[in-house]
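# Commentary on secondary and tertiary structure
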2 protein chains.
Amino acid sequence: MAHTFAIGIDIGGTNTDLGLVRSDGVCTTRANFPTRDCSDSDVFIERICTTIGNLLNDNGNPEIEGVGIGAPNGNYLTGSIEEASNLPALSNLPIKSILEKRLGTHVEVSNDANAAALGEMVYGGAKDLQDFVTITLGTGVGSGIVINRRLLLGVHGNAGEIGHSILVPDGRPCSCGRHGCVEEYTSARGICKTFIELRNAMDSYNGMLDGFSDEQLSPKLIAEAAQQGDALSIETFAKTGYYLGLACANVVSHLAPQKIFLMGGPTQAGALLMNPTLQSFEDNLLSIYRGQVEIELSHLKANDAAILGAAALVS
Amino acid sequence: MAHTFAIGIDIGGTNTDLGLVRSDGVCTTRANFPTRDCSDSDVFIERICTTIGNLLNDNGNPEIEGVGIGAPNGNYLTGSIEEASNLPALSNLPIKSILEKRLGTHVEVSNDANAAALGEMVYGGAKDLQDFVTITLGTGVGSGIVINRRLLLGVHGNAGEIGHSILVPDGRPCSCGRHGCVEEYTSARGICKTFIELRNAMDSYNGMLDGFSDEQLSPKLIAEAAQQGDALSIETFAKTGYYLGLACANVVSHLAPQKIFLMGGPTQAGALLMNPTLQSFEDNLLSIYRGQVEIELSHLKANDAAILGAAALVS
């Protein structure tokens with residue numbers, strides 16, 4: 001069967017990544033430019049169009065199904081990026097209609113978490129699933145919900161903020177201004193907070209991360225220390241898994257998806273995170289759902305996931 | 001416009017209620033019989049058929065669109081009632097197909113919480129809504145989720161157990177065997193537990209419910225005492241509202257519905273429950289959802305809600 005192609009664009013605060021994605025989920029060619037190099041939205045649009053032109057040119061100008069764009073605060077319903085805090089010039093720009101006119105092709109915009117869910121559906125582990133959820137652990141915690149193979153958007157396009165459901169009433173202060181959100185316990189920041197809380201609760205800590213200040217910590221460092229046997233680091237992942245499994249059990253009580261896919265940097269800790277997560281999920285799952293829902297790591301390669309997700313918007 | 005009709009049946013542990021429901025949401029005639037009078041499923045089916053025959057006969061034998069059945073553990077996907085603990089003979093009986101053969105009409109089965117959501121959609125306050133949630137406070141807490149005007153069922157037909165999402169990690173023990181479920185804080189039982197906790201925390205309680213043992217308490221009694229100024233009873237509803245508003249804010253973080261409808265016995269406390277619920281909802285709602293979601297009491301009359309919900313399954 002002949003392959004079809006789509007362009008996926010992941011607009012981040014630092015870089016804008018573009019890729020030509022083949023219908024079997026292979027990103028054949030990539031390009032990127034620093035988002036902040038663009039002084040205004042005209043320059044940004046120009047840069048996008050030129051880069052797409054080059055990508056297609058380099059690949060024999062295949063016909064494409066469209067251009068999908070993932071960005072924080074990208075809104076599928078309005079076709080624009082709301083409050084693009086890292087590039088204010090893009091805020092509320094009708095980027096979908098502008099690019100459709102310029103490129104003469106189908107363009108869709110979505111937030112990166114929803115795009116990730118579609119990426120899993122079109123190219124990853126959810127090809128045969130009806131209902132599933134993806135949870136992306138990163139600086140924050142994003143999520144995408146698919147019901148009957150359609151993204152759950154809500155009438156305002158902002159459904160699926162599982163990272164901001166309140167897991168611990170009156171818990172840790174969250175960047176959103178409230179307390180106890182899932183994000184504060186399971187994001188990269190949350191993992192570091194757990195380590196710091198545990199370290200501060202000790203009389204003295206002489207472990208592997210002894211020389212690191214709070215600010216120097218990262219899930220990667222903590223995972224490396226845990227893999228080398230640092231007890232506090234192991235406990236950090238055990239607690240993170242407890243919270244993540246609990247959050248997933250609550251997702252099931254609402255949605256009863258067939259699977260929950262986890263992705264994002266902290267999931268690279270592998271079994272360190274997954275084992276306690278699965279244990280907590282099992283412990284906290286309402287019994288009627290036992291055996292009906294699985295938690296898995298995303299089937300998409302970490303480096304390609306954002307571009308594949310964006311491309312899936314038009315595939 | 002000529003009205004159409006449907007039969008709604010609410011199978012409860014104590015009584016089975018039947019009603020002829022007109023398309024404008026009026027339950028024109030009702031009948032009922034004690035569920036436990038039926039020694040086995042054959043007797044039960046016979047009783048259902050006879051009662052429907054009488055209902056139609058008494059109303060000039062109107063043509064009906066079908067028969068809808070609401071029951072705890074009713075499963076829309078299988079057309080049967082799973083684990084009918086109050087009438088074991090009905091457990092896993094293919095009641096939909098049996099009644100369709102006997103009556104020659106369309107029959108649907110659902111759990112009572114999902115039926116309530118459809119009742120709100122067809123006859124109540126959700127006629128013009130795309131996405132909404134109903135939460136029924138009773139002995140337990142049931143919920144129905146509607147997305148794009150379709151019930152969210154999940155592939156096993158058991159989605160939407162919001163009453164069993166965990167609101168307070170390691171909180172009150174729940175009848176489901178876990179801890180801290182929404183149900184343990186917002187059901188009739190939960191309200192009484194809150195009162196008892198508050199009473200036990202006092203050195204001495206000389207309020208209006210002084211003479212009542214833990215077992216004698218009910219939300220109705222506590223509401224009456226609160227309306228007469230009993231401080232502990234008022235505080236009980238304030239705490240209940242706090243938990244209910246928090247649970248609703250978490251529903252929004254998952255689903256972003258347009259409205260959440262509350263129904264069931266404890267909602268008869270009115271402003272006593274609603275004011276603290278709305279305040280807590282406002283306090284705990286992620287800011288992006290502000291002004292987008294309303295909490296309201298069900299628009300269905302309490303006495304008719306179960307029958308209307310059942311009838312809505314086929315309307």
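Bear in mind that the values here come from a model prediction, so they are computed numbers and not experimental data. (Residues numbered from 1 in each chain as written. Chains lettered and ligands numbered in written order. Predicted model: local features only at pLDDT ≥ 70, side-chain atom pairs only at ≥ 80, totals over all residues.)

Residue and element names in this part refer to chain B. As summarised here, the arrangement of the 5 strands in space is β10-β9-β8-β11-β12, forming an open sheet in which the pairing is mixed. On the outer flanks of this sheet lie β10 (150-151) and β12 (294-297), each paired with one strand and no other. Summarising the sheet, strand β11 (residues 259-263) and β12 pair through 4 bridges and their orientation is parallel. Residue pairing in the sheet places Ile260 in a bridge with Ile295 of β12. Each of β8 (132-137), β9 (141-147), β10 and β11 touches helix α3 (residues 112-123); the most contacted strand, β9, lies at about 50 degrees to it. (Pairing = 2+ DSSP bridges. Helix = DSSP H or I, 4+ residues; strand = E, 2+ residues; numbered from the N terminus. Contact = placed C-beta atoms within 7 Å. Axes fitted to C-alpha atoms, helices over the stretch in contact; angles between N-to-C directions.)

Next up on the list: the nonpolar core. Ranked by internal contacts, the top residues of the largest apolar core, which has 194 residues, are Ile7 and Ile260 of chain A together with Ile7 and Ile260 of chain B. With near-sequence residues (within four places) excluded, Ile260 of chain A lies in contact with Phe132, Val133, Ile135, Cys248, Val251, Val293 and Ile295 of chain A. (Core = buried A, V, L, I, M, F, W, Y, C linked by C-beta atoms within 7 Å. Buried ≥ 20, exposed ≤ 12 C-beta atoms within 10 Å, placed from the backbone.)

What follows deals with the packing of helix α3 (residues 112-123) of chain A against helix α9 (residues 305-312) of chain A. Residues and elements named next belong to chain A. Contact geometry of α3 with α9 gives a least axis separation of 7 Å together with a crossing angle of 80 degrees. In this view, α3 runs roughly perpendicular relative to α9, as classed from their interaxial angle. Across the interface between the two elements, Asp112, Ala115, Ala116, Leu118, Gly119, Met121, Val122 and Tyr123 of α3 pack against Ala305, Ala306, Leu308, Gly309, Ala310 and Ala312 of α9. Here the contact of α3 with α9 is built from residues that sort into 11 nonpolar, 2 polar and 1 charged. (Parallel < 35°, antiparallel > 145°, perpendicular 65-115°, else oblique. Nonpolar A, V, L, I, M, F, W, Y, C, P; charged D, E, K, R; others polar.)

One open sheet accounts for 5 strands, arranged β10-β9-β8-β11-β12 (chain A); its pairing is mixed. With one partner strand each, in any of the chains shown, β10 (150-151) and β12 (294-297) of chain A form the two edges of the open sheet.

This paragraph deals with the domain arrangement of chain A. All names here are of chain A. Taken domain by domain, chain A consists of domain 1 (5-121 + 304-312) and domain 2 (128-297). Placing a centre on the C-alpha atoms of domain 1 and another on those of domain 2 gives a separation of 28 Å. Domain 1 puts 13 residues into the contact, and the matching count from domain 2 is 14 residues. The element that contributes the greatest number of residues to the side of domain 1 that touches domain 2 is α3, accounting for 8 residues. Class assignment for the residues of the side of domain 1 that touches domain 2 results in 8 nonpolar, 3 polar and 2 charged. (Domains from an automatic or database assignment.)

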